[in-house]
Amino acid sequence: MRFRSLLPIALASVALFATPAAADSLLPPAEYAYKQLPDSRQEQMARDMMDEVRCLVCQGQSIADSDADMAGDMRSHIRRRIAAGETPDQIRTWLVERYGAWVTYDPPVSDPLTWPLWAAPLVLLVAGVLLARGRFRRRKSA
């Protein structure tokens, strides 16, 4: 009888610990995820572009630095499109249309959604200067 009461707990524990293993992809990596282009000039263009594109999974890394499956797919996609003769600007435009301006580390100022990204450092700098000025004034008068 005691075993029956532990069965649901045991099954829940197995399911909980097996979930991360089930989330890993069993598919092979994309063709050019880890394979360089034969033309060194095209490969350099692809690498330069990969440093400018944000990983959608990691969010803090570029796709050049990330080991996420999605980053590998994006690296392969960039290499294939460059090998097909597209320019980095054309590929960047396609990526922004598909994933939004956030996908690049240099979002355009013309997009109103990116204005806070460009204004925040200035606002924080001005706030810091005002705060420091107020602190130094109090010290001098005391």
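Since the model is a prediction, treat every value here as computed from it, not as a measurement. (Residues numbered from 1 in each chain as written. Predicted model: local features only at pLDDT ≥ 70, side-chain atom pairs only at ≥ 80, totals over all residues. Heavy atoms only, no water.)

So, the packing of aromatic side chains
Part 1 of the argument: Inspection of the entire model under this criterion finds zero aromatic pairs.
Part 2 of the argument: A cation sits over an aromatic face here: Arg-54 above Trp-102, 4.3 Å from the ring centre.
Part 3 of the argument: One cation-aromatic arrangement involves Arg-81 over Trp-94; the distance from NZ or CZ to the ring centre is 4.6 Å. (Phe/Tyr/Trp six-rings, centres within 6.5 Å; stacked < 30°, edge-to-face > 60°. Lys NZ or Arg CZ within 6 Å of the ring centre and 35° of its normal.)

Focus on a nonpolar patch on the surface
Part 1 of the argument: Residues Val-109, Trp-115, Leu-117 and Trp-118 make up a contiguous nonpolar surface patch of about 430 Å² in total accessible area.
Part 2 of the argument: Along the chain, Leu-117 turns up in helix 5 (residues 115–141). (Patch = residues over 30% accessible without salt bridge, like charges linked within 9 Å, V, L, I, M, F, W, Y side chains within 5 Å. Areas by Shrake-Rupley, 256 points an atom, 1.4 Å probe, with all protein chains shown as cover. Salt bridge = Lys/Arg side-chain N within 4 Å of Asp/Glu carboxyl O. Helix = DSSP H or I, 4+ residues; strand = E, 2+ residues; numbered from the N terminus.)

Quick notes on the packing of helix 2 (residues 40–52) against helix 4 (residues 88–99)
Part 1 of the argument: In contact at an axis separation of 11 Å, helix 2 and helix 4 are set at 35 degrees when each is read in the N-to-C sense. Here the hand of the crossing between helix 2 and helix 4 comes out right-handed. Contacts between helix 2 and helix 4 involve Met-45, Met-49 and Glu-52 on the former and, on the latter, Pro-88, Ile-91, Arg-92 and Leu-95.
Part 2 of the argument: In terms of residue class, the contact of helix 2 with helix 4 is built from five nonpolar, no polar and two charged. (Axes fitted to C-alpha atoms, helices over the stretch in contact; angles between N-to-C directions. Left-handed = near helix turned anticlockwise from the far one by under 90°. Contact = heavy atoms within 4.5 Å. Nonpolar A, V, L, I, M, F, W, Y, C, P; charged D, E, K, R; others polar.)

Points about the environment of Trp-102
Part 1 of the argument: Topologically, Trp-102 is positioned in the loop between helix 4 and helix 5.
Part 2 of the argument: Along the primary structure Trp-102 and Thr-114 are separated by twelve residues, whereas in three dimensions their C-alpha atoms are 8.3 Å apart.
Part 3 of the argument: Trp-102 has contacts with Arg-54, Cys-55, Leu-56 and Gln-59, leaving out every residue within four places of it along the chain.

Details of the pattern of salt bridges
Part 1 of the argument: According to the stated counting rule, one finds five salt bridges in the structure shown.
Part 2 of the argument: A salt bridge links Glu-43 to Arg-79; the nearest nitrogen and oxygen atoms lie 2.9 Å apart. Placement of the pair is Glu-43 in helix 2 and Arg-79 in helix 3 (residues 69–83), with a sequence separation of 36 residues. Of the two residues examined, Glu-43 and Arg-79, each falls in the buried class.
Part 3 of the argument: A salt bridge links Arg-92 to Glu-52; the shortest N-O distance between them is 2.5 Å. Linking Arg-92 in helix 4 with Glu-52 in helix 2, this pair joins segments that are 40 residues apart in sequence.
Part 4 of the argument: Owing to a relative accessible area of 24%, Arg-92 belongs among the partly exposed residues under this scheme. (Buried < 20%, exposed > 50% of the residue type's maximum accessible area, 1.4 Å probe, protein only.)

What to know about the confidence of the model for the protein chain
Part 1 of the argument: Looking at the protein chain, the pLDDT average stands at 82 and 82% of residues meet or exceed 70.
Part 2 of the argument: Here helix 1 (residues 2–23) stands out as the element of the protein chain with the lowest mean pLDDT, 69, in contrast to helix 2, whose mean of 93 is the highest. (pLDDT = per-residue confidence, 0-100.)

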